[in-house]
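# Working through the structure, step by step
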Amino acid sequence: MKKLITLVMLSILTVINASAAEEVLWTGKVTLEWGTPWNPGELTTPFTPLFTKDQFASFENGQKFYFYFETVDGEYRTVRFARWNGEKNSLGIADYSPAYDQYTPERIELEITDAVKTNVAGEDAGTGGFTVCGHNVTLIRVTKEVNNPVDIDPVLLWQGEITVNGWGTSSLNWTWATNETELTPFVEAITGPCNLYVLIDGGTSPVVRLAGAWGDWSATGYPINTKDYDVDGENIVKIPVTQDFVTKAFEKHGGFAIWGNGGYTIKAIATTKETLLNSVTTDAKGYATYSSNNTLALNNLPDGLEAYTAWLDGTTLRFNQKTAAVGSGTGLLIKGGANTTYYIPAKTDATEPDYNALSANLSSTLLKSDDKDYIFVMKKATSGSGSPEFQKLSTKGVTVPAKKAYVQIAKSAFGGGAHELGISFGDEDVTAINAVKDVTNADNRYYNLSGQVVANPTKGIYILNGKKVVIK
């Protein structure tokens, strides 16, 4: 048999198979023999060596390589991986009688593990490296699995305030034994390579690194990636997380840390950048209106936060809770803790907005009522509790900040009644009639909830001089 028929080296080529994207490292035809195996570390110019000792030492656990074969005439077919010195079972994937004997598959997977690294690149491996040998098979291609970190479904993983002043204990350092609550969102959301986004505040020339909480940042092999990550113009740091890090830090409950210096404060961590840019702060009653250019994952809201769309029932604004994603440009009422900032899970998407009575105000805009339509905006509460209050704007109007929402309703809907909106959540009865009094309607007359004048009010809820009154 001839050992080498042809060799062609491809620099970078990506192919797709049923399992994952693959980058071709080598292609050619080598008919394997026991005495003259294929040695990927001894290819000479112009062929770049593959799988050298140093390369193996730097490979991440979980990285997969694939060897593709064609069958040569003959019934007995086998493939065996060995050290360069011919020692069998050196890669931890083949016994003395290899598992691939007799029925060698078209593709054999080599997954990098600590055992494989030790056998190929450890101190007891000598010069290191390995060979592929066999009988009645031809090696035709070698590839590696490509698992580039990508953005996954939007989730707010953590928010708070931790100042990083140096490489010491002031950094964010979570281990499973003492930080189970904080780590659980990471474990539940992250199962493979992905991007993490960290929002920071302040600091002078901040340095940000991701580390394994199980090892010193300067120790060999830790953290998983020692790169200093850049802070962009919106104070967000993008950190790619590899499968190796996911397995060690999350799946095996090891923990992780964010190290650095420069005196910056970590504010929040999410799986998309948009999430960190979609912050909303509630008022003293725990309410805020909100709208965004992004699709919002309301099914992944932080604990204690609720979101509502609305519909108009006459002059009553009825709120319905939303627990699924809504399209960009959807107006919302946010309900949470008082005077609290929340980051709403979001991603860039072209989804159309959900139609509702809350109109989105995506940029700072002058809004005002006119002869045809009235504009109502939520009045920011400074104290107290209860339902939100909506104020009718005058014809002069006010400039409403970006990412808010408002209500537009035809003037004719009020008839000759008070210009007030009833507020209701779900299918409940109207619980509040909230608005700032329109001085033109301080006429000492009673109006029902449809805005009609009631000459002789009986038991019920009415509007008198712009205020809710209850007659029992």
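Look up a bit, the structure's there.
What comes next concerns the included structure. (Residues numbered from 1 in each chain as written. Predicted model: local features only at pLDDT ≥ 70, side-chain atom pairs only at ≥ 80, totals over all residues. Heavy atoms only, no water.)

### A few points about the overall build of the protein chain
The cut-off we apply is this: Each helix corresponds to a stretch of at least 4 residues labelled H or I by DSSP, and each strand to a stretch of at least 2 residues labelled E; elements are numbered beginning at the N terminus. For the exposure calls, accessible area comes from a 1.4 Å probe over protein chains only, and a residue counts as buried if that area is under 20% of its type's maximum, exposed if over 50%, partly exposed in between. Contacts are assigned to residue pairs with any non-hydrogen atoms lying within 4.5 Å of each other. Shrake-Rupley sampling with a 1.4 Å probe provides the accessible areas, and residues are treated as covered by the protein chains on show and by no other component.
In terms of helices and strands, the protein chain carries five helices and 37 strands. Within the protein chain, the fraction of its 472 residues that count as buried is 46%. Across the protein chain, every contact between residues at least 6 apart in sequence was considered, and the portion connecting residues at least 24 apart equals 75%. When the accessible surface of the protein chain is split by element, carbon and sulfur atoms take 48% of a total near 22600 Å².

### Brief notes about unusual backbone geometry
The phi dihedral of N235 is positive, around 65°, even though this residue is not glycine. In this structure N235 comes out as partly exposed when scored by relative accessible area, which is 37%.

### Details of the packing of aromatic side chains
What counts, and what does not: Between the rings of Phe, Tyr and Trp (Trp by its six-membered ring), a pair exists once the centres lie within 6.5 Å; its type follows the angle of the planes, with under 30 degrees stacked, over 60 edge-to-face, and the other angles tilted. Two conditions define a charge sitting above a ring: the NZ of Lys or the CZ of Arg must be within 6 Å of the ring centre, and it must be within 35 degrees of the ring normal.
For the coordinates displayed, the defined rule picks out 12 aromatic pairs. Considering the side-chain rings of F250 and F256, the 5.7 Å spacing of their centres and the 85° angle between planes classify their relative orientation as edge-to-face. There is no split in this pair, since F250 and F256 are both buried. Through a chain of ring-to-ring contacts, three or more aromatic side chains come together here, namely W158, W174, F186, F250 and F256. The ring of F425 carries K335 above its face, with NZ or CZ at 5.7 Å from the centroid. Seen from the ring of Y374, K392 lies directly overhead, with NZ or CZ sitting 4.6 Å from the centre.

### A word on helix α4 (residues 243-251)
Three or more residues of α4 are buried, namely D244, F245, V246, T247, A249 and F250. For α4, the secondary structure elements touched by its buried residues are α3 (180-189), β12 (207-212), β14 (236-241) and β15 (256-261). Where α4 terminates, the next one or two residues include H253, which has phi positive at roughly 60°.

### Considerations on the sheet that holds strand β16 (residues 264-270)
Counted only if it meets this: Two strands are counted as paired when DSSP detects at least two bridges linking them. Lines fitted to the C-alpha atoms define the axes, with helices restricted to the stretch that makes contact. Angles between their N-to-C directions range from 0 to 180 degrees.
Pairing is antiparallel in the open sheet, where four strands are placed in the order β9-β16-β11-β14. Sheet topology places β9 (156-164) and β14 at the edges, where each strand pairs with a single neighbour. Across the sheet, the mean angle separating the axes of adjacent strands is 25° when strand polarity is ignored. One ladder, built from five bridges, connects strand β11 (residues 194-201) with β16; its direction is antiparallel. Residue pairing for β16: Y197 is matched across the bridge by A270. Most of the contacts of α3 go to β9, to which it runs at about 135°, and overall it touches β9 and β16.

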